[in-house]
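Descriptive structure summary
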Amino acid sequence: HVNAGDVIATDETSNASDADEYVYWLYSGEVQIESAGSVLYNVTHKAGGKRIAVGSGLLGERRLLRTLQQKSDEGGKKNANSVYPSTTARAGSNTTLLRIHVNKLKHFMDNDINLKEAIRTMIFQGMEHKLNTYLQHVTLLLNTAQNASSVLPQPPRSTRFYLFCT
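Residues numbered from 1 in each chain as written. Predicted model: local features only at pLDDT ≥ 70, side-chain atom pairs only at ≥ 80, totals over all residues. Heavy atoms only, no water.

1. Comments concerning the environment of Asn94
Using the following cut-off: Helix and strand assignments come from DSSP, with helices taken as H or I runs of at least 4 residues and strands as E runs of at least 2, each series counted from the N terminus. By definition in these notes, contact holds between two residues if any of their heavy atoms fall within 4.5 Å.
Secondary-structure assignment places Asn94 in the loop between strand S5 (88-91) and strand S6 (96-101). In this view, Asn94 contacts His1, Ser28 and Gly29; residues no more than four positions away in its chain are not counted.

Spelled out as structure tokens, the structure:
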């Protein structure tokens with residue numbers, strides 16, 4: 001159990017390193033996902049309830065991805081973390097988490113192909129859910145901005161610019 005407002009996982013600060021070797025699974029409660037001080041979305045789950053996406057409750061998954069990518073990165077490939085936005089997961093009220101040690105999980109995954117496939121599926125489904133949630137948030141912001149601009153006075157037709165994309 002964590003206290004409301006506690007940082008669960010972050011990779012936004014310079015002291016956020018691999019020293020925290022855990023990923024977290026939201027068992028119950030709410031977690032707020034932020035980036036650069038702005039709330040991106042919330043993840044909520046009731047104990048025993050059905051999840052929207054199996055991986056939607058996985059927090060701090062970048063640590064797990066880094067651990068799984070270590071072998072491929074040693075070959076000189078670009079690390080995918082450099083293009084992934086940094087985020088902070090902050091606990092809401094009455095939040096309960098399962099803490100999972102990344103290196104131990106990787107060890108089990110290396111020795112159990114079924115577990116490895118299940119964890120990878122969970123990561124990808126969680127990332128897909130998070131991306132969809134983020135895109136819905138951006139679409140809402142764009143629609144709100146567009147609606148707000150429609151009430152502003154329009155410049156004379158001769159000064160309007162149009163952009164055509166092909």
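2. With respect to the nonpolar core
Inclusion rule: The definition of a nonpolar core used throughout is a set of buried Ala, Val, Leu, Ile, Met, Phe, Trp, Tyr and Cys residues joined through side-chain atoms within 4.5 Å. Summary of the burial criterion: residues with accessible area below 20% of their type's maximum are buried, those above 50% are exposed, and those between are partly exposed, where the area comes from a 1.4 Å probe applied to protein chains only.
Core analysis: the biggest nonpolar cluster contains 13 residues, and Ile8, Tyr24, Val31, Ile33, Leu59, Ala89 and Leu97 have the highest contact counts within it. For this core, the secondary structure elements donating two or more residues are strand S1 (7-10), strand S2 (22-35), strand S3 (38-45) and S5. Sorting elements by how many residues they give to this core places S2 first, with four residues. Apart from residues no more than four positions distant in its own chain, Ile33 is found in contact with Ser38, Val39, Leu40, Tyr41, Val43, Leu59, Thr87, Thr88 and Ala89. Counting 11 residues, the second-largest nonpolar core is a separate cluster that includes Leu58, Met109, Ile119 and Met122.

3. Side note on the environment of Thr44
Rule in force here: Here a polar contact is recorded for every N or O atom pair within 3.5 Å, except that within protein the pair must consist of a potential hydrogen donor and a potential acceptor, and residues adjacent in sequence are included only if both atoms are side-chain atoms.
Along the chain, Thr44 falls in strand S3. A residue is classified by how much of its surface remains accessible, and Thr44, at 55% relative accessible area, is exposed. When the C-alpha positions of Thr44 and Gly92 are compared, they lie 9.1 Å apart, and in sequence the two are 48 residues distant. If we ignore the near neighbours within four places in the chain, the residues touching Thr44 are Leu26, Gly29 and Glu30. Of note is the side chain of Thr44, whose polar atom sits 3.4 Å from the side chain of Glu30.

4. Things to note about the packing of aromatic side chains
Using the following cut-off: Only Phe, Tyr and Trp rings are paired, with Trp represented by its six-membered ring, and only when their centres lie within 6.5 Å; those with planes under 30 degrees apart are stacked, over 60 edge-to-face, the remainder tilted. Think of it as a cone above the ring: NZ of Lys or CZ of Arg counts as a charge over the ring if it is within 6 Å of the ring centre and within 35 degrees of the ring normal.
The full count for this structure, using the stated rule, is zero aromatic pairs. Positioned above the aromatic ring of Tyr22 is the side chain of Arg99, whose terminal nitrogen or guanidinium carbon lies 4.0 Å from the ring centre.

5. Thoughts on the side chain of Glu34
Residue position: Glu34 is located in strand S2. At a separation of 3.1 Å, a polar atom in the side chain of Glu34 contacts the side chain of Arg90.

6. Thoughts on the pairing of S2
Note the threshold: Paired strands, in this sense, are two strands between which DSSP finds at least two bridges.
Counting buried positions along S2 gives 10 out of 14 residues, so the element sits mostly inside the fold. Where S2 meets strand S4 (residues 58-59), two bridges bridge the pair, whose relative direction is antiparallel. The residue bridging Tyr24 from the neighbouring strand is Leu59, located in S4. In this sheet, S3 lies alongside S2 in antiparallel orientation, the contact comprising seven bridges. Across the sheet, residue Glu34 finds its bridge partner in S3, namely Val39. With antiparallel pairing between neighbouring strands as the criterion, S2 and S3 make up a hairpin whose turn holds two residues, including Ala36 at a positive phi of roughly 55°. Pairing of S2 with S5 involves four bridges; the strand directions are antiparallel.

7. Focus: helix H2 (residues 102-111)
Count 3.6 residues to each turn of an α-helix, and residues three or four apart come out pointing the same way. To keep it simple, the criterion reads: Here, the arc refers to the directions that run from the helix axis to the C-beta atoms.
Buried within H2 are the following residues: Val102, Leu105, Lys106 and Met109. Buried residues of H2, seen end-on, are gathered within an arc of 100° and therefore sit on one face of the element. Opposite its buried face, H2 presents the exposed residues Lys104, Phe108 and Asn111, each directed more than 90 degrees away.

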